[in-house]
Amino acid sequence: MPGWGTAQDFTLSEHERRAYALALNLQTAEAHALIPNPRTVSEHYVIALAEALELLVTEDPEKFAEYEDRFEKRLARKTKVSSVDELFLQAEIGLQWAFVHLKFGHEFDGALNLRQAYQATQEIKKRYPKFTAIQKTEGLLHVIIGSVPEKYNWLLGLLNMEGSVGQGMATLESFRHSNHVLAFEADVLYALTQGFILQQTGSAMQEARILLEKNPGNRLVLFLSASLAMKNAQSEDALAMLLKINEPKLGLPLSYAEYMKGEVYLQKAEYLHAISAYRWFINNYKGQNYIKDAWYKIGLCYWLNGNTSDAEAIFTLARSAGKEVAEADRYAARSLAETELPHIKLTRVRYFTDGGYYPRAQEALATISTDELVTQRDQVEYAYRQARITHKTNNLAAAREFYQYTIDLAGDAPWYFAPNASLQLGYIEWAANDLEKAKEHFTRALTYKRHEYKNSIDSKARSALAQLNARK
């Protein structure tokens, strides 16, 4: 067909660039003020991104209804015009709303959005092969689809979608190093996919540090970097970033950043600071996720600080608070349903380890005598905490032994210690390049039923297996 492959690439005017920069700094109201009534494709692109980021960060149910209506109106534009820019907008908003719908618990809608984004991307590749902006969308789609485990390949075939993690990361890598107006967005997505889809938190944190050096005040980069730092047990670094996010009092109030601060203070055993941060989060967050967990953690802080009566009162309140959709909330609900609280010393060891405060974790673990480990759960957790500390301090021989002892001692008990021990053994063997052993451990991690962190552990194991299988 005449004109195929000759389209001009996607660009933003100076005015649109200013709004785009504001959106990526999570100053969404300011971005809306610059483009109050988007008309062109590029204006719709900027405002659609601002709206998606706002919903992902705030989980505001009222804004969700308003912005979903705008999303559907943008989708309807395709029936009127099918220029390459319009197709690109379709691909981008489909991908954005795949994440938004998943965040708000609409899984079926999220899957349909992903398929719509994929179809628009394929159409652009076929009709306009020189349109480079689509590489950002295509790269992320490849990673998402390529991370789906083999047993779900039938579903991808049904939806007529295929992807490759390696190809997706290579595409993102190439695009983010270009001088394209959307390259910074690809930079952020590259670090995000490394850390949260591929579970390569060390590499993702290195990318985030480079991004921070180039964009020291950007709130989206600070938020991403803090999340990655906490995931990588670098909570002290995360806290420094979190303290900067709401400092300028501009843009979206990032209430979830206060929840994250509460997590760090809990890990550091600064319980009063943690309580204050969690309470601020509860009083200001518009979403429902992590509310039950925040109340549970407040009770935990009182308990760890020796205030049993206040702890019991808060635990009673936590049982009826919030929802049980997010994994953290489900874990809190499960803990609150137990007749006894977890071992207090092992709990301190857990949080010190999670935050990367390893000397304090080792000191706390050394105070525990075997006589104090009365229940099987305490004995299994003690072995597991030994495994985590030796692993984190790179004593891999000891870590292997403690992880295996955890698995043997736990049997088929419904705790997360054995499945995560299997997952971590998989990572150790993967790093040692023993891929067959790694696959065995990852596969075993998937066999455990009904434990506290099944969704996240299974997701990590499946992602690892997908990456290992892609290396055949």
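Residues numbered from 1 in each chain as written. Predicted model: local features only at pLDDT ≥ 70, side-chain atom pairs only at ≥ 80, totals over all residues. Heavy atoms only, no water.

Under an unreviewed UniProt entry, the name given to the chain is Tetratricopeptide repeat protein, and the source organism is Dawidia cretensis.

Caption draft 1: Just helix 18 (residues 327-337), in detail. In terms of burial, helix 18 is largely enclosed, as 8 of its 11 residues are buried. If you follow the buried residues of helix 18, they end up packed against helix 14 (255-267), helix 16 (291-304), helix 17 (308-319), helix 19 (344-355), helix 21 (376-392) and helix 25 (454-469). (Buried < 20%, exposed > 50% of the residue type's maximum accessible area, 1.4 Å probe, protein only. Helix = DSSP H or I, 4+ residues; strand = E, 2+ residues; numbered from the N terminus. Contact = heavy atoms within 4.5 Å.)

Caption draft 2: Seen up close, the nonpolar core. Grouped together as the largest cluster of nonpolar side chains are 122 residues, with contacts concentrated most on Phe10, Phe88, Phe131 and Leu182. Excluding residues that lie within four positions of it along the chain, Phe10 makes contacts with Val41, Ser42, Tyr45, Asp85, Phe88, Phe131, Ala133, His180, Val181 and Leu182. Membership of the second largest hydrophobic core comes to 28 residues, among which are Tyr384, Ala421, Ala464 and Leu468. (Core = buried A, V, L, I, M, F, W, Y, C linked by side-chain atoms within 4.5 Å.)

Caption draft 3: Structural context of the side chain of Glu68. Inspection of the secondary structure puts Glu68 in helix 4 (residues 61-76). Lacking a salt bridge, the buried Glu68 has Arg70 as its closest oppositely charged neighbour, with an N-O distance of 12 Å. Not counting residues within four places of it along the chain, the set of residues in contact with Glu68 comprises Trp97 and His101. (Lys, Arg positive; Asp, Glu negative; His and termini not counted. Salt bridge = Lys/Arg side-chain N within 4 Å of Asp/Glu carboxyl O.)

Caption draft 4: Spatial organisation of the UniProt feature "repeat: TPR" (unreviewed entry) in the chain. UniProt records the feature "repeat: TPR" (unreviewed entry) at residues 419-452, using the numbering of this structure. Helix makes up 71% of residues 419-452 and strand 0%, whereas the separation of the span's terminal C-alpha atoms amounts to 10 Å. (UniProt positions renumbered as here; feature names shortened; annotations may be inferred.)

Caption draft 5: Spotlight on unusual backbone geometry. Backbone geometry at Asn394 places phi at a positive 70°, although glycine is not the residue there. By the secondary structure assignment, Asn394 is in the loop between helix 21 and helix 22 (396-410). You can call Asn394 exposed: its relative accessible area is 60%. Positive phi outside glycine occurs at Arg450, with the angle close to 55°. Its place among the elements puts Arg450 in the loop between helix 24 (435-445) and helix 25.

Caption draft 6: The arrangement of the packing of helix 1 (residues 14-24) against helix 3 (residues 41-58) in detail. Remark: helix 1 packs on helix 3, axes separated minimally by 9 Å, with the N-to-C direction vectors making an angle of 10°. By the angle between their axes, helix 1 is roughly parallel relative to helix 3. Two secondary-structure elements touch here, helix 1 through Glu16, Ala19, Tyr20, Ala23 and Leu24 and helix 3 through Ser42, Glu43, Tyr45, Val46, Leu49, Ala50 and Leu53. Residue classes in the contact of helix 1 with helix 3 are distributed as 9 nonpolar, 1 polar and 2 charged. (Axes fitted to C-alpha atoms, helices over the stretch in contact; angles between N-to-C directions. Parallel < 35°, antiparallel > 145°, perpendicular 65-115°, else oblique. Nonpolar A, V, L, I, M, F, W, Y, C, P; charged D, E, K, R; others polar.)

Caption draft 7: Representation of the confidence of the model for the chain in the model. When pLDDT is averaged along the chain, the result is 91, and 94% of the positions lie at 70 or above. In this model residues 1-6 is a low-confidence stretch, pLDDT under 50, and it forms 7 contacts with partners more than four residues away in sequence or in other chains. (pLDDT = per-residue confidence, 0-100.)

Caption draft 8: Local environment of the pattern of salt bridges. Per the counting criterion, the structure on display carries 26 salt bridges. When the shortest N-O distance is used, the salt bridge between Lys125 and Glu138 registers 2.9 Å. One end of the pair, Lys125, is in helix 6 (residues 107-127); the other, Glu138, is in helix 7 (residues 134-146), with 13 residues separating them in the sequence. On the basis of relative accessible area, Lys125 is assigned to the partly exposed category, the value being 33%. Classification of Glu138 as buried rests on a relative accessible area of 10%. Notably, a salt bridge pairs Arg176 with Asp187, separated by 2.7 Å at the nearest N-O pair. Pair noted here: Arg176 is in helix 9 (residues 165-176) and Asp187 is in helix 10 (residues 183-197), with a separation of 11 residues, a long-range link. Both residues of the pair, Arg176 and Asp187, belong to the buried class. In the salt-bridge network here, residues are joined through shared partners; they are Glu51, Glu66, Arg70 and Arg74.

Caption draft 9: How the structure looks around the environment of Glu162. As for its position among the elements, Glu162 is in the loop between helix 8 (153-158) and helix 9. The spatial distance from the C-alpha of Glu162 to the C-alpha of Ile144 is 9.8 Å, given a sequence separation of 18 residues. Those residues in contact with Glu162, other than ones at most four positions away along the chain, are Tyr118, His142 and Ile145.

Caption draft 10: The arrangement of the packing of aromatic side chains in detail. All told, the structure shown has 26 aromatic pairs when counted by the stated rule. Aromatic ring contacts, followed pair by pair, group Phe223, Tyr256, Tyr259, Tyr278, Phe281, Tyr285 and Tyr290 into a single cluster. Just above the ring of Tyr190 sits the side chain of Arg176; from NZ or CZ to the centre is 3.9 Å. (Phe/Tyr/Trp six-rings, centres within 6.5 Å; stacked < 30°, edge-to-face > 60°. Lys NZ or Arg CZ within 6 Å of the ring centre and 35° of its normal.)

Caption draft 11: A look at the environment of Lys323. In this fold, Lys323 is placed in the loop between helix 17 and helix 18. For Lys323 and Leu75, which are 248 residues apart along the polypeptide, the C-alpha to C-alpha distance reads 31 Å. Contact partners of Lys323, with chain neighbours within four places excluded, come to Gln288, Lys292 and Asp329.

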